[in-house]
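What follows is each chain in one-letter form.
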Amino acid sequence: MKKHILFILLYGATTLGMAQETKEAIMEKRAREMHRVLGIDDPAQWRKFIQENYTQTLIDKPMRATVQSDGGDVSKSESNSANNLEEKTKIFQRLYDDFGQGKILSLKTKGDNVEMVIAGEMGLKGTFKLNFDPAKPHLISGLGIEAGN
């Protein structure tokens, strides 16, 4: 009888430990899901991904962009829209255009960050730097994208 109880306790502890995903696994899963959703030409799916995977603070934050041309010219812009969710959905359209059919070259987690490098079909390479909320459910709290050839 003691053997059965010990086996049940050991089995239960092992199952519970396996059922709980680590923070790194959750972060990697969200990054891979972002890549998958970028390959879908559907604004409703992009919007759903943003709502389910971004913190509300990030959703509410205005979009900022810095673009540097090959000649070294730098232009900065910030959205003034009242609907930041729609602005982020528009960014997904651009990312779909550039990386929608791309492949993940690398994905690295470190602390609360994931760096994902994607190669687009037309030779464009993008480095996606995702910052995650350290508290569960580990939503994306910041996002930076660098793209170039």
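Structure shown above.
In this report, the structure presented in the accompanying data block is examined. Being a predicted model, the structure only gives us computed values, none of them experimental. Every chain's residues receive numbers from 1 upward, in the order its sequence appears when written. Where local features are concerned, this predicted model is filtered to residues with pLDDT of at least 70; where side-chain atom pairs are given and counted, the filter is 80 or more; whole-chain, interface and lining totals use all residues. Hydrogens are left out, water is left out, and the side-chain values use all remaining heavy atoms of the structure.

Attention shifts here to the overall build of the protein chain. Of regular secondary structure, the protein chain possesses 5 helices and 6 strands. Burial analysis of the protein chain (149 residues in total) assigns 29% to the buried set. Residue contacts are counted whenever heavy atoms from the two residues lie within 4.5 Å of one another. At a minimum sequence separation of 6, the contacts of the protein chain that also span at least 24 residues come to 46%. Here the open area of atoms and residues is found with the Shrake-Rupley method and a 1.4 Å probe, where only the protein chains shown may cover a residue. When the accessible area of the protein chain is evaluated, it comes to approximately 10000 Å², of which 54% is carbon and sulfur surface. Helix numbering and strand numbering both begin at the N terminus, where a helix is a DSSP run of H or I of at least 4 residues and a strand a DSSP run of E of at least 2. Three labels apply to residues, based on accessible area from a 1.4 Å probe with only protein chains included: buried if under 20% of the type maximum, exposed if over 50%, partly exposed otherwise in between.

Glancing now at the sheet that holds strand β3 (residues 103-110). Two strands make a pair as long as DSSP finds a minimum of two bridges between them. Ordered in space as β3-β4-β5-β6, the 4 strands form an open sheet in which the pairing is antiparallel. Unpaired on one side and paired on the other, β3 and β6 (140-148) mark the two borders of the sheet. Adjacent strand axes in the sheet meet at a mean angle of 15° when their direction is disregarded. Alignment of strand β4 (residues 113-119) against strand β5 (residues 125-132), held across 7 bridges, turns out to be antiparallel. From the neighbouring strand, Val 117 faces β5, where its bridge partner is Thr 127. All axes are obtained by fitting lines to C-alpha atoms, using only the stretch in contact for helices, and the reported angles, taken between N-to-C directions, cover 0 to 180 degrees. Contacts from helix α2 (residues 23-38) reach β3, β4, β5 and β6 within the one sheet, and its direction differs from that of β3 by about 155°. Against the sheet, helix α5 (residues 84-99) contacts β4, β5 and β6, and its axis sits at roughly 140° relative to β5.

Within this scheme, the nonpolar core is defined by two criteria: the residues are buried Ala, Val, Leu, Ile, Met, Phe, Trp, Tyr or Cys, and they are joined through side-chain atoms within 4.5 Å. Counting 24 residues, the largest nonpolar core has Tyr 54, Phe 92 and Phe 128 as its most contacted members. Elements supplying a minimum of two residues to this core: α2, α3 (43-53), α4 (56-60), α5, β4 and β5. For Tyr 54, the residues in contact, after removing those within four places along its chain, are Met 34, Phe 49, Ile 59, Lys 88, Phe 92, Leu 139, Ile 140 and Leu 143.

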